[in-house]
Amino acid sequence: FTDEQVKSDKRFSLMGPMRRKYASVDSLWRSAVHLVLEQNSMDHLFEEISAKVNDLLLEQGSHINVQNVERVFEEKWSQVMQEALQKQRPSLERVIQEVVSHFNAAL
């Protein structure tokens, strides 16, 4: 804590049990915000995937009939999912660089 923060905590009685309760509520708030952001991200990703699959199926047009609709859908779905997974997957080099920079900063 910085001195200013300690002064503020003393002034507003954020010491002891009150400080722990504040930290608990703050942690709960941050986790709720994180969950909402993650849900919005997933919703956006699913909308993007759905739109891509629909566009790819519309391109097929008259080539789709009752016999091959499932096969064509599965092909297009797997194609779009492969693209989405590659886009979402973290790169190993970036993870290594972040770990090295954190270790260097800790030293």
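This report concerns the structure included in the present document. Here the structure is a predicted model, which is why all the values come from computation and not from measurement. (Residues numbered from 1 in each chain as written. Predicted model: local features only at pLDDT ≥ 70, side-chain atom pairs only at ≥ 80, totals over all residues. Heavy atoms only, no water.)

1. A short note on the pattern of salt bridges
Applying the stated criterion across every chain, the model contains four salt bridges. What you see here is one network of salt bridges that share partners, running through Glu48, Lys52 and Glu83. (Salt bridge = Lys/Arg side-chain N within 4 Å of Asp/Glu carboxyl O.)

2. Focus on the side chain of Lys76
Tracing the backbone through its elements, the reader meets Lys76 in helix H3 (residues 69–88). We note that Lys76 is buried and unpaired, the nearest opposite charge coming from Glu75 at a distance of 5.3 Å. Apart from residues lying up to four places away in sequence, Lys76 is in contact with Val53, Leu56, Leu57 and Gln60. (Helix = DSSP H or I, 4+ residues; strand = E, 2+ residues; numbered from the N terminus. Buried < 20%, exposed > 50% of the residue type's maximum accessible area, 1.4 Å probe, protein only. Lys, Arg positive; Asp, Glu negative; His and termini not counted. Contact = heavy atoms within 4.5 Å.)

3. Re empty space enclosed by the protein
A complete count under the given rule lists one cavity of 30 Å³ or more for this structure. Within this model, the largest cavity holds a volume of roughly 40 Å³. Lining the largest cavity we find Leu45, Glu48, Ile49, Lys52, Val80, Glu83, Ala84 and Lys87. Considered class by class, the residues forming the lining of the largest cavity number four nonpolar, no polar and four charged. (1 Å grid on protein atoms, 1.4 Å probe; cavity = no way out; pocket = protein on both sides within 12 Å on 5 of 7 lines; lining within 4 Å. Points joined across faces, edges and corners; volume = space filled by probe spheres on them. Nonpolar A, V, L, I, M, F, W, Y, C, P; charged D, E, K, R; others polar.)

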